[in-house]
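Tertiary structure, described
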Amino acid sequence: MAIFQAIRAARIVPGSAVACRLLSTASVAGQAPAAASSMSQRKTALVGLEPLGKRNAGVSVLGCAIAMVAVGGCAQGIGQLFAALVVGMARNPSMKEDLFTYTLIGMGFLEFLAIVVILIAGLLLYSE
């Protein structure tokens, strides 16, 4: 895990020799350093590897809320779908079974879209 942090810190601060020192320490190279000097080297090597900052939870909540607007669009689509079903049945009552079948197929597509949107919103909420 420390190697990934070192690579991440080296990408953010390109000229940082401190971040790359972790990869070239004596323990990685296969030498046996003294105990006191290895602790001081490790502390100096981890100077640039603190977390990059606090997690911006407000931004992830905002992204999740914006994504959840699409669920309202899915609800509006379902309402329009059944309104069209009622109008279609009023115009041609003999097509009632076919219209209802098409309405259920359309509702299935809209529900699938709503589920995908909820999953993406959860991904946005709990990602860093």
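Since this is a predicted model, take the numbers as computed values, not measurements.

Remarks on the overall build of the protein chain
From N to C terminus, the protein chain includes 6 helices and 0 strands. Ordered by position from the N terminus, the helices and strands of the protein chain form the series α-α-α-α-α-α. Expressed as a percentage of its 128 residues, the buried residues of the protein chain come to 18%. Carbon and sulfur atoms provide 70% of the accessible area of the protein chain, an area that totals close to 9,400 Å².

Here we look at helix α5 (residues 57-91)
Taking 1.5 Å per residue, 35 residues should reach 51 Å; α5 reaches 52 Å between its end C-alpha atoms and fits that length. Listed in full, the buried residues belonging to α5 are Ser60, Cys64, Ala67, Cys74, Gly77, Ile78, Leu85 and Gly88. Elements in contact with the buried residues of α5: α6 (96-126).

Quick notes on the packing of α5 against α6
Put simply, α5 and α6 touch, their axes get as near as 8 Å, and they point 175° apart. Accordingly, the angle class assigned to the pair α5 and α6 is roughly antiparallel. Class assignment for the residues of the contact of α5 with α6 results in 23 nonpolar, 6 polar and 2 charged.

Considerations on a nonpolar patch on the surface
Taken together, the side chains of Tyr102, Ile105 and Phe109 make up a nonpolar region of the molecular surface, amounting to roughly 380 Å² of accessible area. Inspection of the secondary structure assignment puts tyrosine 102 in helix α6. Assessed through its relative accessible area of 55%, tyrosine 102 is described here as exposed.

Comments concerning α6
The first and last C-alpha atoms of α6 sit 45 Å apart over 31 residues, in line with the 45 Å expected at 1.5 Å per residue. When we look at burial in α6, the residues that qualify are Thr103, Gly106, Leu110, Ala114, Val117 and Ala121. Where α6 is buried, its residues contact α5.

Topic: the environment of leucine 124
Its location among the elements puts leucine 124 in helix α6. The class of leucine 124 is partly exposed, set by a relative accessible area of 35%. Look past the residues within four positions of leucine 124 in its chain and what remains in contact with it is Ser60, Gly63, Cys64 and Ala67.

Topic: the side chain of threonine 103
With respect to the helices and strands, threonine 103 occurs in helix α6. Residue classification places threonine 103 among the buried positions, given a relative accessible area of 5%. With residues near it in sequence (within four places) discarded, threonine 103 still touches Leu81, Phe82 and Leu85.

Details of the environment of valine 117
Residue placement: valine 117 occurs in helix α6. When the C-alpha positions of valine 117 and alanine 67 are compared, they lie 6.7 Å apart, and in sequence the two are 50 residues distant. Ignoring anything within four residues of it in the chain, the contact list for valine 117 reads Ala67, Ala70 and Val71.

Cut-offs used in this document
Residues numbered from 1 in each chain as written. Predicted model: local features only at pLDDT ≥ 70, side-chain atom pairs only at ≥ 80, totals over all residues. Heavy atoms only, no water. Helix = DSSP H or I, 4+ residues; strand = E, 2+ residues; numbered from the N terminus. Buried < 20%, exposed > 50% of the residue type's maximum accessible area, 1.4 Å probe, protein only. Areas by Shrake-Rupley, 256 points an atom, 1.4 Å probe, with all protein chains shown as cover. Expected span 1.5 Å × (residues − 1). Contact = heavy atoms within 4.5 Å. Axes fitted to C-alpha atoms, helices over the stretch in contact; angles between N-to-C directions. Parallel < 35°, antiparallel > 145°, perpendicular 65-115°, else oblique. Nonpolar A, V, L, I, M, F, W, Y, C, P; charged D, E, K, R; others polar. Patch = residues over 30% accessible without salt bridge, like charges linked within 9 Å, V, L, I, M, F, W, Y side chains within 5 Å. Salt bridge = Lys/Arg side-chain N within 4 Å of Asp/Glu carboxyl O.

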